[in-house]
Each structure stands twice: as structure tokens, then as C-alpha cells.
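Results of the structural survey
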Amino acid sequence: ALRKGSDLEKAFATAALVYNNYADPEGKLSKAETKSLLQSQFWHVIQGQENKPKYQEIISFLDEESESKIDFEDFMILLVSLTLMSDLLQEITNVKTTK
């Protein structure tokens, strides 16, 4: 069914599939696993963002030692937050597509 989906539907499905491949049987990620996933799968977005306060806030949250885990909803909020504060967002807005 996703082969016929829109680009946005495919992108969301890809994010869900990547998350599910990393998640535990309960469908959650530890903070350390979340940080590892972001560093390996979202590297181009977070690259060069280390000095930004929002990035440091997110990473310090993931570095906190606690038993709490990240569910898919929280994971998507992290992705959106990282994208909104990244330089990639400016690059995306500068790209003009033709149909």
C-alpha cells in the first residue's frame, strides 16, 4: 500500500519503520538507544548543531540517567524539534521544486 503513497506518507512510514527496528518488544527506546539512533540515522540534520541551545537541551535530556524510555510519539517530537532548529531547514526552504 505504501508504494502508492505520497512522498510524505512514505517519509512517515520510513521514520516509523526505522524506529520499530530499534525499539524493544514494548515499542520503546532507552534514551541511550534514542541518542544512538539519532546520531546514526539523523546525522546530516544534527551535524554542526552542537552549539545550539535546543540541541544541547535535547542531548542533555537523552544523557540523563533514568529508566524512562522514549515512545514513538516522543521520538517524532525529537525529530521535529531537531529539524526545526537545524540548518537543514533553511536549506529545505531555499529549494524550489517543480512539478
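Residues numbered from 1 in each chain as written. Predicted model: local features only at pLDDT ≥ 70, side-chain atom pairs only at ≥ 80, totals over all residues. Heavy atoms only, no water.

- Going by an unreviewed UniProt entry, the chain carries the name SNTAN protein and comes from Machaerirhynchus nigripectus.

A word on the nonpolar core
- Residues Leu-29, Leu-38, Phe-42, Leu-62, Phe-75, Leu-79 and Leu-82 are the most contacted members of the largest nonpolar core, which totals 20 residues.
- Those elements that provide at least two residues to this core are helix H1 (7-22), helix H2 (31-41), helix H3 (43-46), helix H4 (53-63) and helix H5 (72-85).
- Looking at which element gives the most residues to this core, the answer is H5, with 6 residues.
- Aside from chain neighbours lying at most four places away, what touches Leu-38 is Trp-43, Ile-46, Leu-62, Phe-75, Leu-79 and Leu-82. (Core = buried A, V, L, I, M, F, W, Y, C linked by side-chain atoms within 4.5 Å. Buried < 20%, exposed > 50% of the residue type's maximum accessible area, 1.4 Å probe, protein only. Helix = DSSP H or I, 4+ residues; strand = E, 2+ residues; numbered from the N terminus. Contact = heavy atoms within 4.5 Å.)

Regarding H2
- Among all positions in H2, only Lys-31, Thr-34, Lys-35, Leu-37 and Leu-38 are buried. Buried residues of H2, viewed axially, fall in a sector of 160 degrees; they line one side.
- Contacts from the buried residues of H2 go to H1, strand E1 (29-30), H3, H4, strand E2 (69-70) and H5. (Arc of directions from axis to C-beta.)

A short note on the pattern of salt bridges
- In total, this model carries 4 salt bridges according to the counting rule given.
- With a closest N to O distance of 3.8 Å, Lys-54 and Glu-57 form a salt bridge. Of the two residues, Lys-54 and Glu-57 both sit in helix H4, 3 residues apart, roughly one turn of that helix.
- Among the residues examined, Lys-54 registers a relative accessible area of 34% and is labelled partly exposed. (Salt bridge = Lys/Arg side-chain N within 4 Å of Asp/Glu carboxyl O.)

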